[in-house]
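Here is what each chain is made of, one letter per residue.
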Amino acid sequence: MQTLVQSRKHPSYDDDLAQWIDAQIQLLLDRRFSELDIENLVVELDGMKKQYEHELDSRLTVLIMHLLKCQFQKDYPQNKWQSTLIEQRYRIARLLKDSPSTRAKVPQFAVECYPIARRRAAKETGLDEEAFPLRLPYSVAQLTDQEFMP
């Protein structure tokens, strides 16, 4: 019901997201809190948090996959993966700097994304999945250490 009332005064969330965001920002700046679209603001903020966590999970997956490739693909030069390792670690560090409370989730995310990182490493190297450890072989300190190479 609040969205219907607001659609008359302000751009609608459903009709134009960019205009709706601009309107919500202006309402906040003007301290016109009673006119805010609270329901949709909550949806958007929750979505932002989930998107942030998804990015951290994705970057950890790529990082772990490349660490596995460095460690187990013996016939391929390790330095070929270093650029990707540097990039992923840099991006992870930036994410954690922007939201330090997320650091506590890194161990859980790393363990949860390990099976897909393992599967992807197997596909990309041509090695059997069994050639890679069943469980995550790297600590959080190793994952975030710019100098660590397996």
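Whatever comes next refers back to the structure up there.
Criteria and thresholds
Residues numbered from 1 in each chain as written. Predicted model: local features only at pLDDT ≥ 70, side-chain atom pairs only at ≥ 80, totals over all residues. Heavy atoms only, no water. Phe/Tyr/Trp six-rings, centres within 6.5 Å; stacked < 30°, edge-to-face > 60°. Buried < 20%, exposed > 50% of the residue type's maximum accessible area, 1.4 Å probe, protein only. Helix = DSSP H or I, 4+ residues; strand = E, 2+ residues; numbered from the N terminus. Lys NZ or Arg CZ within 6 Å of the ring centre and 35° of its normal. Axes fitted to C-alpha atoms, helices over the stretch in contact; angles between N-to-C directions. Parallel < 35°, antiparallel > 145°, perpendicular 65-115°, else oblique. Left-handed = near helix turned anticlockwise from the far one by under 90°. Contact = heavy atoms within 4.5 Å. Nonpolar A, V, L, I, M, F, W, Y, C, P; charged D, E, K, R; others polar. Salt bridge = Lys/Arg side-chain N within 4 Å of Asp/Glu carboxyl O.

**Details of the packing of aromatic side chains**
Move 1: Applying the stated rule across the entire model yields three aromatic pairs.
Move 2: Aromatic side chains Tyr 13 and Trp 20 sit 4.8 Å apart centroid to centroid with 80 degrees between the ring planes, which places their arrangement in the edge-to-face category. Trp 20 matches Tyr 13 in its accessibility class, with the two residues each being buried.
Move 3: Between Phe 72 and Phe 132, the aromatic rings sit 5.4 Å apart at their centres with planes inclined by 75 degrees, giving edge-to-face as the arrangement. Of this pair, Phe 72 sits in helix H3 (residues 38-72) while Phe 132 is found in the loop between helix H5 (106-125) and helix H6 (140-144), placing the two residues 60 residues apart along the sequence.
Move 4: You can call Phe 132 buried: its relative accessible area is 3%.
Move 5: Between the NZ or CZ atom of Lys 69 and the centre of the ring of Trp 81, over which it lies, the distance is 3.8 Å.

**Thoughts on the packing of H3 against H5**
Move 1: Here H3 crosses H5 at 50 degrees, and the two axes come no closer than 7 Å. On the basis of the axis angle, H3 is oblique to H5. Pair H3 / H5 crosses with right-handed handedness. Contact residues: H3 offers Glu 53, Leu 56, Asp 57, Leu 60, Thr 61, Val 62, Ile 64, Met 65, Leu 68 and Lys 69, while H5 offers Val 106, Phe 109, Ala 110, Cys 113, Tyr 114, Ile 116, Ala 117, Arg 118, Arg 120, Ala 121, Glu 124 and Thr 125.
Move 2: Of the residues contributing to the contact of H3 with H5, the split by class is 14 nonpolar, two polar and six charged.

**Some points on the environment of Glu 147**
Move 1: Of note, Glu 147 is situated in the segment after H6.
Move 2: Overall, the relative accessible area of 68% leaves Glu 147 in the exposed class.
Move 3: When the C-alpha atoms of Glu 147 and Ile 86 are compared, they prove to be 8.9 Å apart, with 61 residues separating the residues in sequence.

**Some details on the pattern of salt bridges**
Move 1: Scanning the entire structure with this criterion turns up eight salt bridges.
Move 2: For Asp 46, the salt bridge goes to Lys 50, with nearest N and O atoms at 3.0 Å. Here Asp 46 pairs with Lys 50, and both are found in helix H3, just four residues apart, close to one helical turn.
Move 3: A salt bridge links Lys 105 to Glu 53; the nearest nitrogen and oxygen atoms lie 2.5 Å apart. You can see Lys 105 sitting in the loop between helix H4 (79-98) and H5 and its partner Glu 53 sitting in helix H3, a full 52 residues away along the chain.
Move 4: Residue class for Lys 105 comes out partly exposed when judged on its relative accessible area of 27%.

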